[in-house]
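# Summary of structural features
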Amino acid sequence: MRTREGDGAMERDAESKLYEGKAKIVYATGEPGVLRIEFKDDATAFNGAKRATIAGKGELNREISALAFEELEAHGIPTHFLGRLERRSMRVRRLEMIPVEVVVRNVVAGSLAQRLGRPEGEALARPVVEFFLKDDALGDPWINATHAEALGLASAGEMRQAEALALRVDEVLVPWLLERGLRLIDFKLEFGRDAGGALVLGDEVTPDTCRFWDAATGERLDKDRFRRDLGDVTGAYREVLRRLEEARA
Ligand code: 5GP
């Protein structure tokens, strides 16, 4: 059965759950090559050791990610985003995901601060790209592109392309966010292959997967509020969305 947009009942009839992760559920729709992603209110940190439900997070993350994907598409970066569905969901292209997390860093924070013993907030002279194997049981270990190639996760060409695309994403998002009073400290991307084998940005771009600091005060407006018990997680995510929407109006 073909899915018709706007007909929720029909969509549900044809749907089946493909995968449930920590922050999202992926459904097959009746439409070939199209999935529905539902953003959950659940939050986890430290590889699932810390868990909570944060009311409203799913809806906020769906919209923040939709706006980010639209901005990236407008700059010619291929993403899986196809459109919004009701409340906490979006329509996306089905991809064959590559189990590698691609992290881009503009400023020292988080695990880089710990690993290299540098203070959080130190600006990096150029963006740094890092790869991590997506494997909860191993705690997402740091790998390089030759590991990905040797383990058969992605070709050398795909890893080069993932790095180049990640740096392009950084180039687009840094000024877009700065105009809205947000400093993009670092972020994590995931890529997949479309039906033709081309590399496409998947997953999400949200305060769960990016560090956003208020450009004026340095206040953290991202998941570090949850990880570090800084309070008012929903308020911070709502503030990110407010700034993105305000600039559009
Ligand atoms: P770090 O390596 O400092 O923990 O994370 C660097 C950046 O990538 C942060 O913006 C962080 O939110 C994001 N990141 C890295 N790994 C993960 C992950 O497994 N899940 C999520 N949600 N974000 C991640």
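Values in this document were obtained by computation on a predicted structure and should not be read as measured data. (Residues numbered from 1 in each chain as written. Predicted model: local features only at pLDDT ≥ 70, side-chain atom pairs only at ≥ 80, totals over all residues. Heavy atoms only, no water.)

### Regarding the site of the ligand
Not every one of the 16 residues close to the ligand is listed here, only the nearest: Arg105, Ser111, Asp186, Arg211 and Arg227. Between a nitrogen atom of the ligand and a main-chain N or O atom of aspartate 208, the distance comes to 3.0 Å. Contact between the ligand and threonine 209: an oxygen atom at 3.4 Å from a main-chain N or O atom of the residue. Its free accessible area being 490 Å², the ligand has 80% of it covered by the protein chains. Looking at the shell around the ligand, the elements with two or more residues in it are strand S8 (96-107), helix H3 (110-116), strand S11 (182-193) and strand S13 (210-214). Among the residues making up the shell around the ligand, the classes are represented as 4 nonpolar, 3 polar and 9 charged. (Near = heavy atom within 4 Å. Polar contact = N/O pair within 3.5 Å; in protein donor to acceptor, adjacent residues only side chain to side chain. Areas by Shrake-Rupley, 256 points an atom, 1.4 Å probe, with all protein chains shown as cover. Helix = DSSP H or I, 4+ residues; strand = E, 2+ residues; numbered from the N terminus. Nonpolar A, V, L, I, M, F, W, Y, C, P; charged D, E, K, R; others polar.)

### With respect to the sheet that holds strand S2 (residues 24-28)
Strand order in the open sheet formed by 5 strands is S1-S2-S3-S7-S6, with antiparallel pairing between adjacent strands. The sheet terminates laterally at strand S1 (16-20) and strand S6 (81-84), the two strands that pair on one side only. On average, each strand axis in the sheet is inclined to that of its neighbour by 30 degrees, with strand direction left out of account. (Pairing = 2+ DSSP bridges. Axes fitted to C-alpha atoms, helices over the stretch in contact; angles between N-to-C directions.)

### Quick word on the pattern of salt bridges
Under the counting rule described, the total for this entry stands at 41 salt bridges. Here arginine 84 makes a salt bridge to glutamate 70, at a shortest N to O gap of 2.8 Å. With arginine 84 in strand S6 and glutamate 70 in helix H2 (residues 57-74), this residue pair connects regions lying 14 residues apart in the sequence. For arginine 84, a relative accessible area of 28% gives the class partly exposed. For glutamate 70, a relative accessible area of 29% translates into the label partly exposed. Taken together, the salt bridges that share partners define one network made up of Arg105, Arg115, Glu120, Glu130, Asp186, Arg211, Arg220, Asp224, Arg227 and Arg228. (Salt bridge = Lys/Arg side-chain N within 4 Å of Asp/Glu carboxyl O. Buried < 20%, exposed > 50% of the residue type's maximum accessible area, 1.4 Å probe, protein only.)

### Digging into empty space enclosed by the protein
Scanning all chains against the criterion turns up 2 cavities of 30 Å³ or more. The computed volume of the largest cavity comes to approximately 60 Å³. Forming the boundary of the largest cavity are Ile98, Val100, Val102, Phe131, Ala154, Glu158, Met159, Ala162, Phe191 and Leu199. For the lining of the largest cavity, the residue count by class is 9 nonpolar, no polar and 1 charged. Taken as a whole, the second largest cavity spans an internal volume of roughly 40 Å³. (1 Å grid on protein atoms, 1.4 Å probe; cavity = no way out; pocket = protein on both sides within 12 Å on 5 of 7 lines; lining within 4 Å. Points joined across faces, edges and corners; volume = space filled by probe spheres on them.)

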